[in-house]
Amino acid sequence: MKIILIHGIGNYNPGWSAALQADQILGVTPDRILEFNYEDLMENNWVNKLLVMGARVAASYYAGPAAGIAANVVQDYIDDILTFFAVPGIRKKIMSRLLVFLEKFPDAIIIAYSLGSIVAYETVKNYPESAKGHILITVGSPLGSPALNVMVKRFIKVPDHLRPNVTGWFNFYSKEDFISGYINGLGCRQPDQFRINSTHSLTTYLQHIRNTFAQKFT
């Protein structure tokens with residue numbers, strides 16, 4: 001069974017899952033891991049480029065070159081969020097790309113981190129026939145964040161809030177990770193949600209997934 005890893009926001013170029021040593025953390029062979037990337041779709045549009053340029057110029061002008069470097073790091077998060085939620089057509093392109101993975105590997109385990117959990121959720125909701133047979137595991141997900149709940153549920157684009165058409169949906173969250181939380185009202189059942197101790201760290205979440213579902217990865 002293949003494992004599809006979906007990253008969160010930031011500059012995740014191809015090879016990030018290998019650099020993370022995700023296969024070793026999960027205890028699987030490297031060929032089991034499928035890395036799903038969508039950062040390029042968010043970066044290669046004029047709105048994103050303007051946001052990046054504006055952040056760098058403003059920070060350098062008002063606070064000096066050092067702030068410009070810092071802004072270059074922060075903008076990876078801010079402009080990705082704005083691009084994902086506000087630029088027309090971006091989410092459709094991302095879902096279409098993920099749909100290829102889902103159809104090619106109809107019984108894969110999807111591990112979706114941070115913003116990637118919204119990517120996965122919207123895709124399995126909008127393409128229910130392609131979701132059948134998949135196991136969805138969300139980690140550090142804004143879908144359950146108390147701080148982000150109103151914004152996320154306002155902007156997610158799904159037909160309804162019924163449970164996605166997946167074989168199973170498991171959610172890992174932490175009180176120390178304000179991006180995440182217990183998911184209410186979207187169909188993720190209470191026994192399938194696991195509260196752990198973690199910051200917003202994909203490595204730690206993957207370790208907990210392996211400890212909880214060791215038999216699924218053998």
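Residues numbered from 1 in each chain as written. Predicted model: local features only at pLDDT ≥ 70, side-chain atom pairs only at ≥ 80, totals over all residues. Heavy atoms only, no water.

Could you give an account of the overall build of the protein, with specific residues and numbers?
Within the protein, the secondary structure is distributed over 10 helices and six strands. Pairs at least 24 residues apart make up 74% of the contacts formed inside the protein by residues separated by at least 6 positions. Split by element, the accessible area of the protein, about 10500 Å² in all, is 60% carbon and sulfur. (Helix = DSSP H or I, 4+ residues; strand = E, 2+ residues; numbered from the N terminus. Contact = heavy atoms within 4.5 Å. Areas by Shrake-Rupley, 256 points an atom, 1.4 Å probe, with all protein chains shown as cover.)

How would you summarise the nonpolar core if you had to cite specific residues and measurements?
Soluble globular proteins tend to pack their nonpolar side chains together in the buried interior. Within the largest apolar cluster, 36 residues are counted, with the highest numbers of intra-cluster contacts made by I4, I6, I94, I110, L143 and W169. Within the residue set of this core, elements represented by two or more residues are β1 (3-6), β2 (33-36), α3 (39-43), α5 (65-86), α6 (90-104), β3 (109-113) and α7 (115-126). The element best represented in this core is α7, accounting for six residues. Setting aside residues no more than four positions away along its own chain, I110 makes contact with I4, I6, L102, A120, V124, H134, I135, L136 and I137. The next biggest cluster of nonpolar side chains, apart from the first, holds 22 residues, and it includes V28, I33, I137 and F170. (Core = buried A, V, L, I, M, F, W, Y, C linked by side-chain atoms within 4.5 Å. Buried < 20%, exposed > 50% of the residue type's maximum accessible area, 1.4 Å probe, protein only.)

Would you mind going over the pattern of salt bridges in detail, with residue names and values included?
For side chains of opposite charge, pairing can occur when their charged atoms come near one another. If you walk through the whole model with that rule in mind, you get four salt bridges. Residue R97 pairs with D40 through a salt bridge whose shortest N-O separation is 2.8 Å. Here R97, found in helix α6, pairs with D40, found in helix α3; they are 57 residues apart in sequence, far enough to count as distant. Given a relative accessible area of 28%, R97 falls into the partly exposed group. Residue class for D40 comes out partly exposed when judged on its relative accessible area of 31%. With its nearest N and O atoms 2.6 Å apart, the salt bridge here joins K125 to D160. Of the two residues, K125 sits in helix α7 while D160 sits in the loop between α9 (149-155) and β5 (168-174), which places them 35 residues apart along the sequence. The class for D160 is partly exposed, based on a relative accessible area of 33%. (Salt bridge = Lys/Arg side-chain N within 4 Å of Asp/Glu carboxyl O.)

Before we move on, can you summarise the pairing of strand β4 (residues 135-139) with the specific residues and values?
Burial runs high along β4: five of the five residues are buried. Taken together, the five bridges between β3 and β4 define a ladder with parallel strand orientation. Residue pairing across strands places A112 opposite T138, the latter belonging to β4. Handedness of the crossover is the feature at issue here: the chain leaves β4, passes through α9, returns alongside β5, and the resulting connection is right-handed. (Pairing = 2+ DSSP bridges. Right-handed = clockwise from strand over helix to strand, strands pointing away.)

Explain the sheet that holds β4 to me, and be specific about the residues and the numbers.
Strand order in the open sheet formed by six strands is β2-β1-β3-β4-β5-β6, and the pairing between neighbours is parallel. The sheet terminates laterally at β2 and β6 (193-196), the two strands that pair on one side only. When strand polarity is set aside, the average angle formed by the axes of neighbouring strands in this sheet is 20°. By the bridge criterion, four bridges tie β5 to β6 in an arrangement that is parallel. Across the sheet, the residue bridging to F172 is F194, located in β6. Against the sheet, α7 engages β1, β2, β3, β4 and β5, with an angle of about 135° to β3. Contacting β1, β3, β4, β5 and β6, helix α10 (residues 202-212) crosses the sheet at an angle of about 130° to β5. (Axes fitted to C-alpha atoms, helices over the stretch in contact; angles between N-to-C directions.)

On their own, these measurements won't tell you what the molecule is for.
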